[in-house]
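An overview of the molecular structure
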Amino acid sequence: MRISWPFLIILGICSALAGAGAFSAARVKLAPTPVAPPQIAPKPRAPYDPNLVHQTLEFWAKQAKSDPQGAIAQSSLAHWYLESYRETGDIADAIRAEQAARKSLALRTRNNDTALSQLSRSLVVQHRFPEALVIARRAALYNPEAYRQCADIEIEVGDYKGAGRDLARSRSSNGDPAYLALTARLCEIRGENAQALDLLQKAAKLADANPDMPAQSVAWFHERLGHILFQTGRLNEAEQSYRAGLQVFPRDYRTMAALARLNAARNNWAQSIEWAKRATEIVPAPEIIALSGDAYTALGKTQEAQRQYRLVEQMAALSKAQGVTHDRQRALFYADHNRNLPEALASARGELKLRKDIYTYDTLAWVLYKNGKLAEAQTFSNKALAHGTQDASLWYHAGVIANALSQRERARNAFKRALAINPNFHPTAPRQVRALLARLDSASP
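Model, not experiment: these values are computed from the prediction.

Calculation notes
Residues numbered from 1 in each chain as written. Predicted model: local features only at pLDDT ≥ 70, side-chain atom pairs only at ≥ 80, totals over all residues. Heavy atoms only, no water. Salt bridge = Lys/Arg side-chain N within 4 Å of Asp/Glu carboxyl O. Helix = DSSP H or I, 4+ residues; strand = E, 2+ residues; numbered from the N terminus. Buried < 20%, exposed > 50% of the residue type's maximum accessible area, 1.4 Å probe, protein only. Core = buried A, V, L, I, M, F, W, Y, C linked by side-chain atoms within 4.5 Å. Contact = heavy atoms within 4.5 Å. Phe/Tyr/Trp six-rings, centres within 6.5 Å; stacked < 30°, edge-to-face > 60°. Lys NZ or Arg CZ within 6 Å of the ring centre and 35° of its normal.

We now examine the pattern of salt bridges. In this structure the tally under the stated criterion is 26 salt bridges. Arg185 is paired through a salt bridge with Asp152; the nearest N and O atoms lie 2.6 Å apart. With Arg185 in helix α9 (residues 177-189) and Asp152 in helix α7 (residues 147-157), the pair connects residues that are 33 residues apart, well separated along the chain. For Asp152, a relative accessible area of 25% corresponds to the partly exposed category. Between Arg307 and Glu304 there is a salt bridge; the shortest N-O distance is 3.0 Å. Residue Arg307 and its partner Glu304 are located together in helix α16 (residues 302-322), separated by 3 residues, close to a single helical turn. Each member of the salt-bridge network shares a partner with another, and the members are Asp152, Glu156, Arg185, Glu351 and Arg355.

Next up on the list: the nonpolar core. Tyr396, Phe415 and Phe425 are the most contacted members of the largest nonpolar core, which totals 101 residues. With 9 residues, helix α13 (residues 253-265) is the single largest residue contributor to this core. Residues within four places of Phe415 in sequence aside, it is in contact with Tyr396, Gly399, Val400, Val433, Leu436, Leu437 and Leu440. Formed by 28 residues, the second largest nonpolar core is a distinct cluster that contains Trp80, Leu116, Ile135 and Ala140.

The next thing to look at is the packing of aromatic side chains. Given two aromatic rings, one states the distance between the centres and the angle between the planes to describe the pair. Throughout the structure, instances matching the rule amount to 9 aromatic pairs. Pairing Tyr396 with Phe425 gives two aromatic rings, centres 5.7 Å apart and planes at 45 degrees, and the pair type is tilted. Of this pair, Tyr396 sits in helix α21 (residues 392-404) while Phe425 sits in the loop between α22 (408-421) and α23 (429-443); the two residues are 29 residues apart in sequence, bridging distant segments of the chain. What makes Tyr396 buried here is its relative accessible area of 10%. When the ring centre of Trp395 is taken as reference, the NZ or CZ atom of Arg417 above it lies at 4.3 Å.

Structure, rendered in structure tokens:
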């Protein structure tokens, strides 16, 4: 048998070490020398590449064209269309993702949970929630993790018990940031803000530690963490979380919009306008354009403010004509600004047909109040508060409605709860709340 030189060298080293060990043991029993584990440097995160999504999308489009019978290429194409949507907010990308996912499923009907998941996600973007839930359940037959998608949809439509059941049926893992974030959402709805904050802090750390996670996803975890910090009145920490997300994904228009809201809550109107401009240059979301109008109003620039408000109305008319609506956002804008109140009520009632979550109930309650339908407004406000959610805006609306119904003690308690949760929950409402509280206290017998 031929023995290689490397083998002989290794054998000699091992023999020498064994002999030395025997010699030492024969003379003196020495404690083993602790050996420190090798230090492995963490893999650095690649800097954000603004061309990556577009280039990868082009690659899979070519693959799908060259191989029309390739189910994997179509599924991958759907995934990257959805990634493009996350960067641009273009609903057309979600529709293209739906088309690609359906092509993949037509080519491979069984064990194609990836395409089913992409199809479900694309339908959620289009607010086609019942269809999306049916598809997500089909995906869960092949992959239990798809139950998380079911839970996500059920949260959107207000089926919180169903969401809890489906989240429990998924392959739960405290080391999975997506699982932690979903659990945090349910905690937030139940008014367990401290638990939600703890879970989101863990999720954001896990996301940061994963260099392979897409930049958009990492930023989303920081945006969610910033949201709960803002909700609980910790504005400085919220800003830090938002900025951490932007460092990873500089084009995150959602986080820019969040910073616009945060600066408005601080009455930093110029900064609010600047962040709103940056966000709307990427995606002109109606609610952020409306916020710009509010900021211009606060600065006394009424003509510019009205220009922003008219733009929101024009976008609403265009969306309605195209069949793409922002019913809840549009209804809130009209109610907050006392514009087109009958249309706001029709929009809010239309949204209720799609989903019955606490924020749809709250929107309808607020619009009903603005339309002078106080008893019905309180009915839906009670539904919005039924889970004990600690969101200052919900309690503010409840207080205003109770005050209009001359329910002084109920209004006082709701206003105090709103300020205790977050004294800076809105740019102007906290001042109104304090004025109303002073009036209620002075009227007390």
